[in-house]
Amino acid sequence: MNFDQLAEMLFPNVTETPEDLERRYPPRNLPEGAKVTRFAPSPTGFVHFGGLFPSTIGERLAHQSGGVFYLRIEDTDAKREVEGAAEGLIRTLAHYGIHFDEGAILGADGKICDQGAYGPYRQSERAEIYHVYAKQLVKAGKAYPVFTTQEELDALNAVDKKAEIKSKNWQEDSGNRAEEQQKQREITIEEVAENLRAGNPFVLRILADGDPEKKIPFTDLIKGTLEIPENDEDFVLLKSDGIPTYHFAHAVDDHLMGTTHVVRGEEWLPSLAKHLMLFRYLRFKLPKYLHIAQIMRLDENGNKKKLSKRDMGANMDDYSRMGYAPACVCEYIMTLLNSNYEEWHAQNPEKPYTEFPFNIKKMSNSGCLFDFNKLNDVSKNVISKMTAEEVTSQVTEWALQFDPAFGALLQNDPAYAQTIFAIGRGGKKPRKDLATWADAKGYMGFFFDELFRIEDQIDATFEKTDIRKALEEFLATYDPADEMQVWFDKIKAITDKLGYASDMKAYKADPAAFRGNVADVSMFLRVAVTGKQNAPDLYTVMQILGEGRVRARIQKMIDSL
RNA sequence: GGCCCGUUGGUCAAGAGGUUAAGACACCGCCCUUUCACGGCAGUAACAGCAGUUCGAUUCUGCUACGGGUCACCA
C-alpha cells in the first residue's frame, strides 16, 4: 500500500502541513509554572453542577498560576446541539464568577465570537486543521478509511445507539470486533479509488498497535498511579461528515492551544488509552491530566448515582430559582473541592475564596454526594456576613423575578425593606436565618400588611380573658418612644397584674404556683403582632412596624377573641 | 460480561505502620435567652470483609463483597 498516494486520494485539498500549523500556533509565552486550562463543553443544554465543578478547578489552576483559562466549544455533534446553549453556558458561568481569558466569548451583540490567537475556538470551524493531521496519520500508515454506502449510514443513524448497546451480548461482540477490524484494515488502494468514485462516504480510523494485555503506567494528578491497558481498537478519528470525534479533536486542540492541564470527569478514564495513543502517533507532548470524581446523588434505593441532568440540583438555573446566591454556591463548591478550605476560611474569614491556595493534592479521589444541608449551612454563613443593603438588593432582585408580588412590596419602600433586613445583621454574632433569598418571605413577610396573617395560634391552654387583658393593658401603656428596658418593664408589670410570673427563675422553681409567665405574655403579643410564635426580637419588630401597625394588629387580635 | 476507578460515622472528609482515629454538616441534650436565630458546652456515630507481611496494620500486599464508570461515525 502506498500511503502517500492514499493520503492524496483522501485529502486532495489539504495542502498545509503540521509544521505550518505549529508555526501558526507557536507555544505560549508564559512564565514558568503558569498553567493553561480550558473548559470544553458541548453545547447540548444548560450548565450542569458537574460542569461548574471542573470549570472552577480549571479557572483556579490557571489564574492562581498566572496562566490562561479559555473556553472551547465542542460542537462536533450537530445532531445533539441545542440552539443558544453555548451563549447560555457562558452567561451562567459568568454568573458564578467563572470568566475566560480567551476562547469563545460573548460579543456585544450577544452572539458567540472568538477572542485570542489560538482559535477558532469552536470545533465545527476547525475542520481543515484536523484534516492536516489526519492526512499526516494516513501518510504514516497510522490511519485508514472505512467506507459505507449512504444507505448503510442512514440505517446506522436510525437506530437508537444506546438501546442497541444495552441489548448487546458482550462476549459474542468482542470476538467479532477483532475479526471485522482486521477485514477493514485490508482495504486495497483500488477499493478506495472505487469507493471514492462512487461517492461513498468514509470514516477515518486509527490503526491501533496496542495490546490490551500490556499495561501502560500512567500518573493522574488526582488519581495517582494507574495502570491503563493499551488500546487495540481502531477507533474513529473523522466521522463521515469529516468532523472529528472527541478523541481526535482533544489531541489536536489541546496540543495546538497549549493546554498544560486537562481537567475532566473520571468517566474519561476508560478512553485515556486512546488519547495516549493519539499523542504518541502525533508526537505531541502529553498534557497533565486531572480526572475528577463524579458528583453523586442518592436514588430511591439509597444507592449513589451520578448526578444526572434531570436531578434537582443539577441545573445551575435551579439554584437561581431556589434563591441561592452565586457566592454561596461557589463557597460550597470550594468546600467540596479542597478538604482544607473550611479550615482556611475560618482563619481568613474576610478573604474571598479566590485567595485560597487551591491545591490539587487536596482533592478527593472518590465521588461525593450532593448535600443540601451543607449547602444551606454554607449559605447561611455567607449571607450572615453580607450587609443589609446587599441582602435587600439581592432579595429584591430575586423576588422581582421569581415572586413578583413580594418583589413589588420590597421595591415600593426600599428603605423599609432595608431596615427589616438589618435585623441582627452586623456585629460579632450575626443572625443566620437566610439560606436562600426565597427564605426571606417566610421570615420577614409579616412586616407587610399585605402578607401578614395569623399563622401560629396562641396555645388553647390560656384563658381568653387573660390574653385579652394582657393585650388591652399593653395598648394602654404602650409608648413607642420607650427604651427597650422600659418597654419590657411594662410587660413585666402586666405579667404581675395577671398573676403570671415576671421572674422566670421563680417560675421555674415552682411552675405550679403561677398561671403563666412573662414568656407567655410576650408570646401573646408576638402572635398578635407578627402572626407567629417565632420571630426576631419583638421590641425591634415593633420599632420597625411603627405605632400604628402595632396598635392595629393588637386591636384586631383583641376583637377576634 | 470485559476493562478501569473507588470504599474511614447519615453526609463531606483529616490522618498515617504504633493516634483516646481530627474537623465540618446533620441529629440529640444542656447552658444562654421573653420566642426564633446566634453563641457556648457536651453526646450518639466510622476505618466493607477475609487472608498475608509485620512485634504491631485502618494505613502495605492479595482475594472477596459492594458501589461507580465505560465498552458509538456522543461528548
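What follows concerns the environment of His63. Along the chain, the position of His63 falls in helix α3 (residues 49–64). Judged by its relative accessible area of 30%, His63 is partly exposed. On a C-alpha basis, the gap between His63 and Phe100 in space is 9.9 Å, while along the polypeptide they are 37 residues apart. Beyond its immediate sequence surroundings of up to four residues, His63 is in contact with Phe69, His99 and Asp101. Within the structure, the side chain of His63 is placed 2.7 Å from the side chain of Glu59, a separation counted as a polar contact.

To continue, consider the sheet that holds strand β9 (residues 236–238). Taken in spatial order, the three strands make up an open sheet running β5-β6-β9, and their pairing is antiparallel. Unpaired on one side and paired on the other, β5 (143–147) and β9 mark the two borders of the sheet. The average undirected angle you get between the axes of adjacent strands in this sheet is 45 degrees. The pairing of strand β6 (residues 202–206) with β9 spans two bridges and is antiparallel. Following the sheet pairing, Arg205 is matched in β9 by Val236.

For the rest of this paragraph, the subject is the protein's contact with RNA strand B. The full set close to RNA strand B counts 65 residues, and Thr76, Lys239, Lys305, Lys374 and Arg431 are the nearest of them. Sugar and phosphate atoms represent 65% of those atoms of RNA strand B found within 4 Å of the protein. Taking Ser42, its side chain carries an N or O atom lying 3.3 Å from a sugar or linking oxygen of RNA strand B. Split into classes, the residues belonging to the surface near RNA strand B amount to 23 nonpolar, 14 polar and 28 charged.

Here the focus is the side chain of Lys274. Take Lys274: it is sitting in helix α11 (residues 272–282). According to the relative accessible area criterion, Lys274 is buried, its value standing at 14%. Residue contacts for Lys274: discarding those within four places in its chain leaves Asn231, Glu233, Phe235 and His247.

Let us look at unusual backbone geometry. The backbone phi angle of Arg283 is positive, close to 60 degrees, even though this residue is not glycine. Relative to the assigned elements, Arg283 resides in the loop between α11 and β11 (288–292). Look at Arg283 and you get exposed, because its relative accessible area is 70%.

With respect to the helices, strands and loops of the structure, Asp114 is situated in strand β4 (residues 112–115). Residue class for Asp114 comes out partly exposed when judged on its relative accessible area of 32%. Sequence separation of Asp114 and Arg72 is 42 residues, and the distance between their C-alpha atoms is 9.6 Å. If sequence neighbours within four positions are ignored, Asp114 has contacts with Gly103, Ala104, Pro120, Tyr121, Arg122 and Glu125. For Asp114, the side chain forms a polar contact with the main-chain nitrogen of Tyr121, separated by 3.3 Å.

Let us look at α11. For α11, a buried count of ten out of eleven residues is recorded, marking the element as mostly surrounded by other parts of the structure. Considered for burial, the residues of α11 that qualify are Leu272, Ala273, Lys274, His275, Leu276, Met277, Leu278, Phe279, Tyr281 and Leu282. Arg283 occupies a position one or two residues after α11 and carries a positive phi of about 60 degrees.

Where burial is concerned, the two faces of strand β1 (residues 36–39) agree: the one with Val36 and Arg38 and the one with Thr37 and Phe39 are both buried. By the bridge criterion, four bridges tie β1 to strand β2 (residues 68–71) in an arrangement that is parallel. The residue of β2 that forms the bridge with Val36 is Val68. In the classification by handedness, the crossover that spans β1, the intervening α3 and the parallel β2 is right-handed.

Looking now at the packing of helix α16 (residues 388–402) against helix α17 (residues 404–412). At their nearest, the axes of α16 and α17 sit 6 Å apart, and the two run at 140 degrees to each other. In terms of their interaxial angle, α16 and α17 are classed as oblique. Where α16 crosses over α17, the two elements pack in a sense that is left-handed. Listed contacts from α17 to Val395, Thr396, Ala399, Leu400 and Phe402 of α16 are Pro404, Phe406, Gly407, Ala408, Leu410 and Gln411. Split into classes, the residues belonging to the contact of α16 with α17 amount to eight nonpolar, three polar and no charged.

Attention shifts here to the nonpolar core. Counting residues in hydrophobic clusters, the biggest one holds 155 residues, and the most contacted among them are Phe49, Phe248, Tyr319, Phe447, Phe474 and Ile554. Setting aside its immediate chain neighbours within four residues, Phe248 contacts Tyr130, Tyr133, Ala134, Leu137, Leu237, Leu238, Leu278 and Leu282.

Within the secondary structure, Thr56 is located in helix α3. Residues within four places of Thr56 in sequence aside, it is in contact with Ile98, Ile333, Met334 and Leu337.

Take the pattern of salt bridges next. On inspection of all chains with the given rule, the structure shows 28 salt bridges. Across the pair Glu342 and Lys374 runs a salt bridge, and its minimum N-O distance is 3.1 Å. With Glu342 in helix α14 (residues 341–347) and Lys374 in helix α15 (residues 372–384), this pair connects stretches of sequence that are 32 residues apart. When its relative accessible area of 39% is taken as the criterion, Glu342 is described as partly exposed. We note a salt bridge from Arg553 to Asp449, for which the minimum N-O separation is 2.7 Å. Residue Arg553 is found in helix α25 (residues 547–560), and its partner Asp449 is found in the loop between α19 (439–444) and α20 (464–477); the two are separated by 104 residues along the sequence. Residue Arg553 is classed as buried on the basis of its relative accessible area of 5%. For Asp449, a relative accessible area of 42% gives the class partly exposed. Each of Arg38, Arg72, Glu74, Arg126, Asp253 and Asp254 takes part in salt bridges that share partners, so that together they form one network.

Before going further, it helps to examine the environment of Glu125. Along the polypeptide, Glu125 turns up in the loop between β4 and α5 (127–139). The partly exposed category is assigned to Glu125, whose relative accessible area is 37%. Here the alpha-carbon distance between Glu125 and Thr76, two residues 49 residues apart in the chain, equals 9.4 Å. Excluding residues that lie within four positions of it along the chain, Glu125 makes contacts with Asp114 and Pro120.

This paragraph deals with the sheet that holds β2. Working definition: the strands of a sheet are paired by backbone hydrogen bonds and lie parallel or antiparallel to each other. The sheet built from four strands is open, its strands ordered β1-β2-β3-β4 with mixed pairing. The sheet is open, and its two edges are formed by β1 and β4, each paired on a single side. Across this sheet, the average inter-strand angle for adjacent strands is 35 degrees, counted without regard to direction.

Parameters at a glance
Residues numbered from 1 in each chain as written. Chains lettered and ligands numbered in written order. Predicted model: local features only at pLDDT ≥ 70, side-chain atom pairs only at ≥ 80, totals over all residues. Heavy atoms only, no water. Helix = DSSP H or I, 4+ residues; strand = E, 2+ residues; numbered from the N terminus. Buried < 20%, exposed > 50% of the residue type's maximum accessible area, 1.4 Å probe, protein only. Contact = heavy atoms within 4.5 Å. Polar contact = N/O pair within 3.5 Å; in protein donor to acceptor, adjacent residues only side chain to side chain. Pairing = 2+ DSSP bridges. Axes fitted to C-alpha atoms, helices over the stretch in contact; angles between N-to-C directions. Near = heavy atom within 4 Å. Nonpolar A, V, L, I, M, F, W, Y, C, P; charged D, E, K, R; others polar. Right-handed = clockwise from strand over helix to strand, strands pointing away. Parallel < 35°, antiparallel > 145°, perpendicular 65-115°, else oblique. Left-handed = near helix turned anticlockwise from the far one by under 90°. Core = buried A, V, L, I, M, F, W, Y, C linked by side-chain atoms within 4.5 Å. Salt bridge = Lys/Arg side-chain N within 4 Å of Asp/Glu carboxyl O.

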